[in-house]
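# Descriptive structure summary
For reference, the chains in residue letters:
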Amino acid sequence: MIHRSKFLVIVDDSDELNVAIRFAAKRAQSTKGGVILLNIIEQFDPQQWQSIEEIILQEARDKAQEKLQKWSKVIHDLTDIVPEVIVKEGIPSEKIIETLESDNAIRFLVLAAANSEQPGPLVSLLAGQKAGKLPVPLVIIPQGLTDDSVSYTHLRAHETSLH
């Protein structure tokens, strides 16, 4: 069985998510690969909220599914690719590494860096403290990359892979 290469994108509420989605979708299209969208519901202290824990978790799951469906539609409209969508609950860095380790077809983790002094919490954590634990390369896309630049970048990379 032939496994197509997949690009993992973490779906959160960051402003820079749009550029990571576009980049991963275009790269997947040019390589005949796929996209996985992962949303992580962060853990909270269950002792404090025990009586309403299930209600809070269900609302978080519903919100996660809404986000994933929104971005899934963006990818499909842009490339005709139907991405896989995953919701996990726990510590983001652990769930990201767990997802990468559970699917051998994932070739790249794609994140976008914010247009500010700090690139964002996930980029800082995964490119710094957790970088050595990642089983695949981390691709960091600058937030300011335009649609034309994303298209040019993926075309240029595709041309290079053909030589």
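Residues numbered from 1 in each chain as written. Predicted model: local features only at pLDDT ≥ 70, side-chain atom pairs only at ≥ 80, totals over all residues. Heavy atoms only, no water.

## As for the overall build of the protein chain
Across its full length, the protein chain carries six helices and five strands. Helices and strands appear in the protein chain in the N-to-C order β-α-β-α-α-β-α-β-α-β-α. Out of the 163 residues belonging to the protein chain, those deemed buried represent 40%. Partitioning the intrachain contacts of the protein chain with sequence separation of at least 6 by distance along the chain shows that 75% fall at a separation of at least 24. Carbon together with sulfur atoms contributes 51% to the accessible area of the protein chain, which is approximately 9,500 Å² in total. (Helix = DSSP H or I, 4+ residues; strand = E, 2+ residues; numbered from the N terminus. Buried < 20%, exposed > 50% of the residue type's maximum accessible area, 1.4 Å probe, protein only. Contact = heavy atoms within 4.5 Å. Areas by Shrake-Rupley, 256 points an atom, 1.4 Å probe, with all protein chains shown as cover.)

## A few points about helix α3 (residues 53-79)
Two residues of an α-helix separated by three or four positions point the same way, owing to the 3.6 residues in each turn. Here α3 contains 27 residues, and its C-alpha end-to-end distance of 38 Å stays within 8% of the 39 Å for a straight helix at 1.5 Å per residue. On its buried side, α3 packs onto α1 (17-30), β2 (34-42) and β3 (84-90). Remark: D80 follows α3 within two positions and exhibits a positive phi of approximately 70°. (Expected span 1.5 Å × (residues − 1).)

## Observations regarding the nonpolar core
V9, I21, L37, I75, V110 and I141 are the most contacted members of the largest nonpolar core, which has 21 residues in total. Mapped by element, the contributors of at least two residues to this core are β1 (6-10), α1, β2, α3, β4 (106-113) and β5 (138-142). Beyond its immediate stretch of four places on either side in the chain, V9 contacts L17, A20, I21, A24, V35, I36, L37, L38 and V110. Counting 16 residues, the second-largest nonpolar core is a separate cluster that includes I97, I106, L111 and L134. (Core = buried A, V, L, I, M, F, W, Y, C linked by side-chain atoms within 4.5 Å.)

## What about unusual backbone geometry?
Look at K32: it is not a glycine, yet its phi comes out positive at around 55°. With respect to the helices, strands and loops of the structure, K32 is situated in the loop between α1 and β2. Residue class for K32 comes out exposed when judged on its relative accessible area of 69%. Notably, D80 is not glycine yet its phi reads approximately 70°, a positive angle. Mapped onto the secondary structure, D80 falls in the loop between α3 and β3.

## Points about the sheet that holds β2
Either a parallel or an antiparallel arrangement is found when strands of a sheet pair, and the pairing is made through backbone hydrogen bonds. Strand order in the open sheet made by the five strands is β3-β2-β1-β4-β5, with parallel pairing throughout. Of all the strands in the sheet, the pair left with one neighbour each is β3 and β5. The sheet shows a mean angle of 30° between the axes of neighbouring strands, direction not considered. Here β2 runs beside β3; their pairing, made up of seven bridges, is parallel. The residue of β3 that forms the bridge with L37 is V85. Packing against the sheet, α1 makes contact with β1, β2, β4 and β5, and its axis sits at approximately 170° to β1. (Pairing = 2+ DSSP bridges. Axes fitted to C-alpha atoms, helices over the stretch in contact; angles between N-to-C directions.)

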